[in-house]
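# Descriptive analysis of the structure
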Amino acid sequence: MPIQYYIFFCLTLFSIGMVGVLTRRNAIIVFMCIELMLNAVNLLLVAFSKMYHGAALQLAPGTTAGIDAQIFVFFIMVVAAAEVSVGLAIIVMMYRNTHSVDINFLNRLKN
Amino acid sequence: MKLIIGLIVLFPLVGFLFNGLGRNIWNKKVIAFMATGFIAISFVFSILAFLNVQSSGAAMVHFFDFINTDTIKIPFDFKVDGLSSLFLLVITGVGTLIHLYSTAYMKEEEAPHYARYFAYLNLFIFSMLLLVLGDNYVIMFIGWEGVGLCSYLLIGYWFTNATYNYAAKKAFIMNRIGDLGFLLAIFWLIVKLGTVSYGSVLTAESLAKLSSTDITAITLLLFVGAMGKSAQIPLYTWLPDAMAGPTPVSALIHAATMVTAGIYMITRSNILFSASEFTGHVVAIVGISTALLAATIALKQNDIKKVLAYSTVSQLGYMFLGLGVGAYSGAVFHVITHAFFKALLFLGAGSVIHAMHHEQDIRKMGGLKSKLPITHITFLIGCIAIAGVPPFSGFFSKDEILAAAFAKSPIYWVLGVIGAAMTAFYMFRLYATTFLGQFRGTHEQEHHLHESPVAMTLPLILLAVASAIAGAIGIPELMGGHHWLAHQLMPIIGEAKEATLTHQTEWALMAASVSIAIIALLIALNKYKRQADDEPQTSLGKFLYHKWHIDELYDNIIVQPLNRFAGFLKNVVEKNVIDGAVNGTGRLVQYSARKLRLIQNGQVGYYILFIVLGIIVLFLCWFNDVAILRFLSFLTNKS
């Protein structure tokens, strides 16, 4: 598949995530949208890595050039999982305090 | 020679420092003695320098380099030749007499002010000596500005009087206008020739390097400088106002020396001036117009010093007429004789004012002949000399100028003779009203009338003798004389272009001008020997009495518009434009701050939105539109 498809797909995914973050008030949905953006970038990283590796294989069969990014993605996913657990914990704590997951309710930065 | 010249200049400077710094220390006797003594010593050395020039010719002495760069070199040099040594004698000689006179005239002043007066006077002599001794235009300009400064300080000497301060400022500002012309001429010379020394500027080679436009422009600019300093149309109105200063100051600065600086400068640059026909005409026309204008005003003035002031302006006009028609030696001759008789007349007027307890209106005088015998006789000699009656000095110098004017154009001569007749008339009007007839002042004034002390009468007598016999230095060859002065000046102004007049014409001209002058003075004597002038009745009389309304004219066309322009700048430009910009900046910052503050509302969502928008803007900035277009085409084409 041409790389452009991946790029368009990732852009769309990222934009959906961004719009979600900006417009939704439910903390869990916002959190999900952030994950969406993160995974869009992750996917793009894999796609570029694949493209680069494919091009390198044609010049020199058996090379491993470009493959490292695909390994890197796993690390990102591990870190993201850790982050999700922290984020969900925060939301749980927030719900316990305010009985709501509405982020606009927590605008205590003001004043 | 270097020592002599250095000392001539140094002594007045020492006198200035001595009296200026010690004004609270010395008593009046010390101040007067030192101030007069330093100038007298300077006079003695001037005589030595003069004799030295007579025996061994012109001398040039180098002191140090005033300005020394790659492109221009201005040395601090002095030059003593026939012209400057004569001026030296006049300045220090007349200066000494006037210092002596001042010691008595100013004796009512407090000691510190007495010292201030003499300090200024010494500084003036110092500046004047720099002016005439300098060997280049820059040194001359230093002296030129120095005398202007001293003139300002001395006119405003009685600084508690606002009118006097105004007169001082007027003199200073009008002189600045002229000085600008002089300065521009110097710059022009530097740009074109790279030097300002007389020795290299005033040569045939330099003239060859200058185009005729250059020469005309430079000479006209120099003449503008001379106009300011020597009170010619249109810059003459400061001189009559300058009479606000003490009378000896008027005698020294505004009659004998400073106002003749313009004539000295033009005579010094005569090679340039002779090269421009146009400038010659301008100089002559300005000169003769000034002579006539000032003479008509003098006819109707009633202030004894104002008459003399306008007379000075008028005589300076004659000198410029002489310069304009190429009679340089005649102009210098008239400078010298004028220095004597006009200083004499001013000092005589000072003696009268002194006796009358500071009364200057001649209508309140009269009959002073018997009360002030010495002042009377010396004043009379001065009047005869300025009226041009032979064999007094004024006759010879004025005749030389008139003869040269006739050779150039008979119109100049006719106008000159009319001016000379008016000169004789107003001088004898002044003389008769002041000294003849009945005393018209108060009884108290009459009771206190007294002849002035010796310190004042001695200078009068010496100057009267000089006024009577100074003509001897320039007796024309026509009368079997030798014209010593013309020979003296020959190295500077070249062989006098002999007027192409026959002896018969010259005699006729002489007889005509002298008889007209004598008739005018007899009419004046007859008319005013019993009564003073009334308030002018005719419109012409009023017009002359009000000085042609020139001051009002200048006020209306220059001062008022400038004031209004300044008012416009102050009220409109300053308030609206400058203040508007400054306050507007402040208000803009405050306003935008008030509005931008609303963005920070504590809603994190908005912050994120602005972060996203900011990133998009940054992308647009970093990847300019070409890069973005290429990216888009990459996305579409490759698919």
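Residues numbered from 1 in each chain as written. Chains lettered and ligands numbered in written order. Predicted model: local features only at pLDDT ≥ 70, side-chain atom pairs only at ≥ 80, totals over all residues.

Each helix and strand counted, chain B has 27 helices and two strands in total. Referenced to the eigenvectors of the C-alpha coordinate spread, the extents of chain B come out at roughly 120 × 65 × 55 Å. Looking at chain B residue by residue over its 639 residues, the buried ones come to 49%. Within chain B, residue pairs in contact and separated by at least 24 positions form 81% of the contacts whose partners lie at least 6 positions apart. (Helix = DSSP H or I, 4+ residues; strand = E, 2+ residues; numbered from the N terminus. Buried ≥ 20, exposed ≤ 12 C-beta atoms within 10 Å, placed from the backbone. Contact = placed C-beta atoms within 7 Å.)

Now for the overall build of chain A. The helix and strand inventory of chain A stands at three helices and zero strands. In chain A, the order of α-helices and β-strands from amino to carboxyl end is α-α-α. Taken over C-alpha atoms, the radius of gyration comes to 19 Å for chain A, far larger than the 13 Å a tight globule of 111 residues would show. Principal-axis analysis of the C-alpha atoms places the extent of chain A at approximately 60 × 25 × 25 Å. (Rg over C-alpha atoms; globule rule 2.2 N^0.38 Å.)

Glancing now at helix α3 (residues 82-105) of chain B. With 24 residues, α3(B) should cover 34 Å at 1.5 Å per step; its first-to-last C-alpha distance of 34 Å lies within 8% of that length. Extensive coverage of α3(B) is indicated by the burial of 23 of its 24 residues. (Expected span 1.5 Å × (residues − 1).)

Residues and elements named next belong to chain B. Running from N to C, helix α18 (residues 393-408) and helix α23 (residues 503-528) cross one another at 120°; their axes reach a closest spacing of 10 Å. In terms of axis orientation, α18 runs oblique to α23. In the packing of α18 onto α23, the handedness of the crossing is right-handed. Residue-level inspection shows Phe-395, Asp-399, Leu-402, Ala-403 and Phe-406 of α18 in contact with α23, the latter providing Glu-506, Leu-509, Met-510, Ser-513 and Val-514. In the contact of α18 with α23, the residues fall into seven nonpolar, one polar and two charged. (Axes fitted to C-alpha atoms, helices over the stretch in contact; angles between N-to-C directions. Parallel < 35°, antiparallel > 145°, perpendicular 65-115°, else oblique. Left-handed = near helix turned anticlockwise from the far one by under 90°. Nonpolar A, V, L, I, M, F, W, Y, C, P; charged D, E, K, R; others polar.)

So, on to the environment of Leu202(B). Residue and element names in this part refer to chain B. Residue position: Leu-202 is located in the loop between α7 (198-201) and α8 (204-209). According to the C-beta neighbour criterion, Leu-202 is partly exposed, with 15 such atoms within 10 Å. For the pair Leu-202 and Asp-551, spaced 349 residues apart in sequence, the C-alpha separation works out to 38 Å. Contacts of Leu-202, omitting those with residues within four sequence positions, involve Ser-269, Ile-271 and Leu-272.

When its domains are assigned, chain B resolves into domain 1 (1-135), domain 2 (136-495 + 503-545), domain 3 (546-598) and domain 4 (603-639). Here domain 2 of chain B and domain 4 of chain B have C-alpha centroids that lie 86 Å from each other. (Domains from an automatic or database assignment.)

Here the amide bond leading from Ile233(B) into Pro234(B) is cis, since omega sits at 5°, within 30 degrees of zero. Following the sequence through the fold, Pro234(B) ends up in the loop between α9 (212-229) and α10 (238-241). Even without being a glycine, His99(A) presents a positive backbone phi close to 55°. Residue placement: His99(A) occurs in the segment after α3 (68-98). Residue His99(A) is classed as exposed on the basis of its 8 C-beta neighbours within 10 Å.

The subject of this paragraph is the packing of helix α16 (residues 328-355) of chain B against helix α22 (residues 484-493) of chain B. Describing two packed helices takes the angle between their axes plus the distance from one axis to the other. Residues and elements named next belong to chain B. Two elements in contact, α16 and α22, have axes whose closest approach is 10 Å; the angle formed by their N-to-C orientations is 125°. When the interaxial angle is binned, α16 and α22 end up oblique. Handedness of the α16/α22 crossing: right-handed. Side by side, α16 and α22 meet where Tyr-328, Ser-329, Val-332 and Phe-333 of the first sit next to Leu-485, Ala-486, Leu-489 and Ile-493 of the second.

Attention now moves to the nonpolar core. Membership of the largest hydrophobic core comes to 202 residues, with the highest contact counts inside it found for Leu129(B), Leu321(B), Ala343(B), Ala424(B) and Phe428(B). Not counting residues up to four positions away in its chain, the partners in contact with Leu321(B) are Ala284(B), Gly287(B), Ile288(B), Ala291(B), Ile401(B), Ala405(B), Tyr412(B) and Gly416(B). One finds Val21(A), Ala27(A), Val30(A) and Phe31(A) within the second-largest nonpolar core, a separate group that totals five residues. (Core = buried A, V, L, I, M, F, W, Y, C linked by C-beta atoms within 7 Å.)

Attention now goes to the pairing of strand β2 (residues 73-80) of chain B. Residue and element names in this part refer to chain B. Bridge analysis of strand β1 (residues 59-68) against β2 gives eight bridges, and the strand direction is antiparallel. Bridging from a neighbouring strand, Phe-64 pairs with Phe-76 of β2. Two successive antiparallel strands, β1 and β2, enclose a turn made up of four residues. (Pairing = 2+ DSSP bridges.)

Our focus in this paragraph is helix α2 (residues 28-56) of chain B. Residue and element names in this part refer to chain B. With 29 residues, α2 extends 42 Å between its outermost C-alpha atoms, agreeing within 8% with the 42 Å of an ideal straight helix rising 1.5 Å per residue. Buried residues along α2 sit against α1 (2-21), β1, β2, α3 and α4 (111-133). Positive phi shows up at Gly-57, right after α2, with a value of about 80°.

A few words now on the environment of Ala407(B). Residue and element names in this part refer to chain B. In this structure, Ala-407 sits in helix α18. According to the C-beta neighbour criterion, Ala-407 is buried, with 21 such atoms within 10 Å. Sequence separation between Ala-407 and Leu-501 is 94 residues; the distance between their C-alpha atoms is 6.8 Å.

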